[in-house]
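Observations on the model geometry
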Amino acid sequence: MDAPQCRESSIFASQQKRQSIVSAGQSHRESLLIEPVHAIATPRPTLLFALASDDPEEVRRVLESGEARPNDDVGPQSALAFALANDQLKNKMQMVKMLLAYGADTSALRDPEAEEQEERSSRRGSGRLSKLLENVDPATRYYIERADSPQTRRASALIHRSYFRPLTRVRYDLIGQDRVLEQLFRVLSMPSMAPIVVLLCGPSGHGKSLLARKFGSLLEVPTHTVNMTTLRDTNDIWKSHSIAPHEDPSDVSLKDFLITNEGKRCVVVLDEIEKTHNEKILSSLLMPWEYGRCSFEAGYRHVDVSKVIWLGTSNIGHDLVFEHQDKRPAPETQLSREEYVDLMALLRPRVSERLGPSLLSRVTAVLPFVSFTTDEKMAIAAEALHALSGDAVSTMPPATRDMIVRTSLNSYIPSEGARSLYRAVSILLLDTL
Ligand SMILES: Nc1ncnc2c1ncn2[C@@H]1O[C@H](COP(=O)(O)OP(=O)(O)OP(=O)(O)O)[C@@H](O)[C@H]1O
Ligand SMILES: [Mg+2]
């Protein structure tokens, strides 16, 4: 037996053990799982096995390697419908996110009747999605509706053919901030020889560091994260070690990182950029941001950093974001493109005041992060519940899950953003134990 066959049959063996995950009422699916492998020979049921493994990494692996495609059918239905209908999957949300991130088509979930009704009433919304969504948690529902939205598709199209295309997957990690992503994709779609410098600004706990962290990992390029609050002297920036919060501490300095990755795509995150103690530290960035070249000390040769993507995060303008939000005629809706353009214009002078006009003039884009809508807060709370309770969430009565997610919203603090929801969910979880 060759290697792929061997792997397939071992997956099948473990799949047979998992037959119990398919409920009795799902007979067509059940028959698929218990039939011998030769009966379901074409197309190869790689995606079915991966989904039934209940391991999101296995789903990623088969989609990434091209062994399976996200819109392969799984028996009589789409893979997405299969994952949604299967209540025994402990990692259902992760599976759905993975399928969406790799391009699963949500039109397979549309309910033709509801769609027709919507068409007649000229109302567009999530009503056209099938009944499969009725009982899913708010995060899974949010991700599916997001993938189904025309705005999402329009924004993704901006970088569809570009090197940056994998960044569209960030939508299944970062909740909300659709206008930030749209603007980011616009900037990245512009052909430019100048270095890319993007400042992610705004309130705490709204996903700035999360987006910065995902950037390099989605593009599969190395990332170096500098904690700007700890720097004291001009050359400290080049000596700083990466402090990526979810990775092992690294003993490579930024200088060594840039030399190792000279001329190559990589990401440098400058976390909390406005909290540097000394203005001179920021002036070290003028040359690399303008010319894409860097000299670490007098007499040192120039290093080519033209392909580095510089991402700064900062709280500059968080008050302006909230003031702008308070003045919106429909604060519960997502920002329109025009509203977001206004907000960007409001923030630029404030950034200029804090970081200096000469630095700002070299910044490609200042992207303000905005307030969450109620659906977005619900999705974050549901993600928090999954993250904090682990496997326990799958055995929790749906009414309890619902209660925790809804109640946590009462403790939402705008200036703390998602962090206040994570805290509220963890307190409510303790109460239910
Ligand atoms: N938009 C979001 N979508 C999903 N989760 C989020 C989002 N924003 C924040 N979170 C959650 O809150 C945590 C903290 O968010 P993050 O570190 O990105 O905040 P930040 O905007 O950088 O805030 P600060 O300005 O305080 O550094 C994240 O690790 C994530 O769990
Ligand atoms: Mg941060």
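Relevant structure appears above.
Residues numbered from 1 in each chain as written. Chains lettered and ligands numbered in written order. Predicted model: local features only at pLDDT ≥ 70, side-chain atom pairs only at ≥ 80, totals over all residues. Heavy atoms only, no water.

With that settled, consider empty space enclosed by the protein. Summed over the entire model, instances satisfying the criterion amount to 1 cavity of 30 Å³ or more. When its volume is computed, the largest cavity comes out at roughly 110 Å³. Lining of the largest cavity is provided by 15 residues; of these, Q334, L335, V370, S371 and E376 occupy positions nearest its centre. A class-by-class count of the residues in the lining of the largest cavity yields 4 nonpolar, 7 polar and 4 charged. (1 Å grid on protein atoms, 1.4 Å probe; cavity = no way out; pocket = protein on both sides within 12 Å on 5 of 7 lines; lining within 4 Å. Points joined across faces, edges and corners; volume = space filled by probe spheres on them. Nonpolar A, V, L, I, M, F, W, Y, C, P; charged D, E, K, R; others polar.)

What the largest pocket holds in volume is close to 1400 Å³. When residues of the lining of the largest pocket are traced back to their parent elements, those giving at least two are α4 (56-65), α6 (92-101), α11 (208-219), β8 (308-314), α19 (374-389) and α22 (418-432). Per-element accounting of the lining of the largest pocket gives the leading share, 7 residues, to α11. In the lining of the largest pocket, the residues fall into 18 nonpolar, 14 polar and 17 charged. (Helix = DSSP H or I, 4+ residues; strand = E, 2+ residues; numbered from the N terminus.)

A word on the pairing of β8. For β8, the tally of buried residues reaches 7 of 7 residues, placing the bulk of the element in the interior. Neither face of β8 is left uncovered, since the one carrying V308, W310, G312 and S314 and the one carrying I309, L311 and T313 both have all their residues buried. Two strands pair when backbone bridges link them, and strand β3 (residues 196-201) and β8 are joined in this way by 6 bridges, in the parallel orientation. Bridge pairing links I196 to I309 in β8. Bridge analysis of strand β5 (residues 266-271) against β8 gives 5 bridges, and the strand direction is parallel. Note on β8: the bridge partner recorded for C266 is V308. (Buried < 20%, exposed > 50% of the residue type's maximum accessible area, 1.4 Å probe, protein only. Pairing = 2+ DSSP bridges.)

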